[in-house]
Structures are given as C-alpha cells and as structure tokens.
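# Secondary and tertiary structure notes
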Amino acid sequence: MYCLGIEGTAHTVGVGIVDHEGNVLANEIDMYKPAEGGIHPREAANHHAETLVPMVRQAIERSGLRFKDIDVVCFSKGPGLGPCLRTVATGARALSLSLKVPIIGVNHCISHLEIGRIKTPAKDPVLLYASGGNTQVIAFANGRYRIFGETLDIGIGNMLDKLGREIGLGYYAGPKIEKAAAQGKKLLNIPYSVKGMDLAFSGILTAAVAHRNKGESIEDICYSVQETCFAMLTEVTERAMAHVEKDGVLLGGGVVQNKRLQGMVKEMAEARGAVMYVPDRTLCMDNGAMIAWTGLLMHRAGIRHPLNTTVVDQRFRTDQVEVTWR
Ligand code: FE2
C-alpha cells in the first residue's frame, strides 16, 4: 500500500510518499521565503500553488512508483494558515479525484508524533512540539492525543522570528539566535512565563526588545531568551512525563533543531531514567511524509473522509481527533 501526503499548513509545502511499513520513498520539501518581514499567508499560498504540481511529479519520480500505484491521498487539514491549507487541500482533492483513490484529512500536530513513533524507537512518548505556529506538549491518553501544556499566545518559533527581526538578525532567525546565544554570558531578567501547564511568549519578546533598547548585547539577549524559554519548555514537558508516567520524550517541529534545547531536554530525560528521541531533520520539520504516514494509519483503521467533508480547519485541535488506529 502506498500513500501520498501533502503538507501545507504554513511556509512549507511538502509532498511525501510512504509504504505500509513506514518506509519513506519520497519527501519533497520547499519553503516560501518572504523577501522581508514575516509570512504573508496569501503569498505563501501562491508559492504552494505554483510548486505543488511539480513537487507531486518529483515525488512520484523519486519514489520509483507510477501514479496508478498510489492507494490513498492525504493532506494537512489543519491547524494552520487558511490560504495555505485551502491551496493544498484543493490540490489533494484534485489528485484524489483524478487517481480515483480515497482522500484523508490529517491533523498536522498528530502527524509529528506518528512519524516519530515509526522512525525512532519511541513507542509511546510525550511529544514536545515546538515550531513557528505551534507549541504543545502532547501524549496519548484514553483514546486521544491530549494536550498537557501549550502556548497561550504565540508559538515559540514565531517569537524567535519576531525577535530576530526586531534586533536585526533577519528572517528565519532561529539558527542565528542559537549562534549568537552561544557567545552570550550574562543572564538578563526575562519573565519566566509558565502558567500552570501552559506557556506564554509574547511578554518575553517585549522584555527582550526592551533590553536591546537599553543597549544590552545581541549575544546576551539571545542567550537569556533561549535559557528562559527552553527551561520553560523542559519544565512543562517533565511534568507531563511525570503525570502520564511515560519514559520517552520525542521532539518535533523546527525549533527542536536547536542543540541547546535538545541538551536541556536530554538532561531532564536522563535524570528521570527516560530517553529523548529526535527524528531526522527532514522528518522533524513540516513535511509530506508525516502526513502520508498518519493518513495511512488512519485509512488502515477504517477511517474514511467523503470528499464533501475534506474542508480545512485553521484551528484543528490535537485532541479533537479520535485515535482509533492505536
Ligand atoms: Fe509542524
């Protein structure tokens, strides 16, 4: 059985093909990069519309399959930016109709967890999902993937990107912030915003920009923001692991490429006799293979989505999905 998945919740469009054992036969990824400023949803959607068809062809070619070998088409139903979601959903519907195969709408956050479960030894982990638009701590409990902690305002990656722009590091600031933070020495006063099991990042951005206006160095600001925010993520993840009694933590999303974050989570996990798992970079970031694999699991469990139900959902919650495939 072969499943083709299309990802397009934000700046990344991806087309992946997997087989029934979870082998990734193709995983094409292309990213919309704004000339300046942040992601403009309509421009990102235009990018996806232009690149999607050649990428589908490229994925088929790379997989060594033919179009008639594809058994199911899947797409990222949400959460994400409306214009981007609608563009890739339209592409997925057209492909499903032309190939005369079923279509499945997949929850993007859940797919980060499912690809980690097949591509790492993690079998039942707590997922720390930290990306531009999403920041959630997720684990399986009582038939659903439940959110044990999440951001109350913006995703951590969104905050880092905004910080990068404000202090002159430019777009896609995460790696630049990580590099600058490695040179930082002074821990500045940044609010530690853990509220119960949830997190907030917009006040941290305000405080960091205020430090810059007072003349603090970019290195110390990046260092202080990283130390504070990653400690917040690690604390909430640890409490979720203790609560649901799981001995594995899986990382997902673009921000988890940061080595300092990985180091903190690993130290926490090892201190409690647990293990940290990090999928390969192209499976950790937004990609089509994770959508394809999750859709394949859903299809195999008997889930069917008639075409008229394949509407997108910008606010699609992780815990809305009844997980019948586990
Ligand atoms: Fe994501």
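Keep in mind that this is a model prediction, so the values were computed, not measured.

## Observations regarding the domain arrangement of the protein
Domain boundaries assigned for the protein yield domain 1 (2-112 + 283-320) and domain 2 (124-278). Listed as interface residues are 17 residues of domain 1 and, on the opposing side, 21 residues of domain 2. There are 1 salt bridge connecting domain 1 and domain 2. Among the ionic pairs, Arg-317 bridges to Glu-150, the shortest N-O distance being 2.9 Å. Counting the contacts that link domain 1 with domain 2 gives 7 residue pairs in polar contact (both at pLDDT 80 or more). The dominant element in the side of domain 1 that touches domain 2, judged by the number of residues it contributes, is helix H3 (residues 108-119), at 4 residues. Considering only residue class, the side of domain 1 that touches domain 2 consists of 7 nonpolar, 7 polar and 3 charged.

## Some points on the coordination of the iron ion
Around the iron ion, the protein contributes the donor atoms His-108 (NE2), His-112 (NE2), Tyr-129 (OH) and Asp-286 (OD), which lie 2.1 to 2.3 Å from the metal centre. Taken together, the 4 donor atoms coordinating the iron ion span angles of 87 to 170° at the metal, a pattern that classifies the geometry as irregular. In primary sequence terms, the donor set of the iron ion follows H-x3-H-x16-Y-x156-D. With His-108 in helix H3 and Tyr-129 in strand E6 (residues 126-130), the pair connects residues that are 21 residues apart, well separated along the chain. Assessed through its relative accessible area of 0%, Tyr-129 is described here as buried.

## So, the environment of Arg-146
Examined against the element boundaries, Arg-146 turns out to sit in strand E8 (residues 144-150). Filtering out sequence-adjacent residues up to four positions away, Arg-146 remains in contact with Val-137, Ile-138, Ala-139, Ala-141 and Asp-319. A polar contact is formed between the side chain of Arg-146 and the backbone oxygen of Asn-142, at a distance of 2.9 Å.

## Quick look at the sheet that holds strand E5 (residues 103-107)
Within the open sheet, the 5 strands sit side by side as E3-E2-E1-E4-E5. Their pairing is mixed. Every interior strand has two partners, whereas the edge strands, strand E3 (24-31) and E5, have only one. Strand-to-strand twist across the sheet, computed as the mean angle between neighbouring axes with direction ignored, equals 20°. Pairing between strand E2 (residues 12-19) and E3: 7 bridges, direction antiparallel.

## Remarks on the pattern of salt bridges
For side chains of opposite charge, pairing can occur when their charged atoms come near one another. Counted according to the given criterion, the structure contains 11 salt bridges. Linking Arg-117 and Glu-114 is a salt bridge whose minimum nitrogen-to-oxygen distance equals 3.1 Å. One end of the pair, Arg-117, and the other, Glu-114, are both in helix H3, 3 residues apart, so they sit about a helical turn from each other. Residue Arg-117 is classed as buried on the basis of its relative accessible area of 18%. Among the salt bridges present, the one from Glu-235 reaches Arg-239, with a minimum N-O distance of 2.8 Å. One end of the pair is Glu-235 and the other is Arg-239, both in helix H7 (residues 218-244) and 4 residues apart, which spans about a single turn. Here Arg-239 falls in the partly exposed class, since its relative accessible area comes to 33%. A network of salt bridges, in which partner residues are shared, links Asp-124, Lys-246 and Arg-326.

## A word on the environment of Ala-301
Structurally, the position occupied by Ala-301 is in the segment after helix H10 (288-300). Along the backbone, Ala-301 and Trp-325 are 24 residues apart, and their C-alpha atoms lie at a distance of 5.1 Å. What Ala-301 contacts, discounting residues up to four positions off in sequence, is Thr-324 and Trp-325.

## As for helix H2 (residues 82-99)
Its 18 residues place the ends of H2 26 Å apart at the C-alpha level, agreeing with the 26 Å of an ideal helix rising 1.5 Å per residue. Taken together, the buried positions of H2 are occupied by Gly-82, Pro-83, Cys-84, Leu-85, Thr-87, Val-88, Ala-89, Ala-92, Leu-95 and Ser-96. Buried residues along H2 sit against strand E1 (2-7), E2, helix H1 (41-63), strand E4 (72-78) and E5. Once H2 ends, the next one or two residues include Lys-100, with phi positive near 55°.

## Here's the deal with the sheet that holds E6
Within the open sheet, the 5 strands sit side by side as E8-E7-E6-E11-E12. Their pairing is mixed. Where the open sheet ends on each side, the last strands, each with one partner, are E8 and strand E12 (275-277). Between one strand and the next, the sheet's axes are offset by a mean angle of 25°, whatever the strand orientation. In terms of strand pairing, E6 meets strand E7 (residues 135-141) through 4 bridges, oriented antiparallel. Paired with Tyr-129 across the two strands is Gln-136, which belongs to E7. Docked against the sheet, H3 engages E6, E7, E8 and strand E11 (248-252), running at close to 125° with respect to E6.

Reading the values: rules and limits
Residues numbered from 1 in each chain as written. Predicted model: local features only at pLDDT ≥ 70, side-chain atom pairs only at ≥ 80, totals over all residues. Heavy atoms only, no water. Domains from an automatic or database assignment. Contact = heavy atoms within 4.5 Å. Salt bridge = Lys/Arg side-chain N within 4 Å of Asp/Glu carboxyl O. Polar contact = N/O pair within 3.5 Å; in protein donor to acceptor, adjacent residues only side chain to side chain. Helix = DSSP H or I, 4+ residues; strand = E, 2+ residues; numbered from the N terminus. Nonpolar A, V, L, I, M, F, W, Y, C, P; charged D, E, K, R; others polar. Donors = N, O, S within 2.8 Å, 3.2 Å for Na, K, Ca; no water. Tetrahedral: all angles 85-135°; square planar, octahedral: opposite > 155°, others 65-115°. Buried < 20%, exposed > 50% of the residue type's maximum accessible area, 1.4 Å probe, protein only. Pairing = 2+ DSSP bridges. Axes fitted to C-alpha atoms, helices over the stretch in contact; angles between N-to-C directions. Expected span 1.5 Å × (residues − 1).

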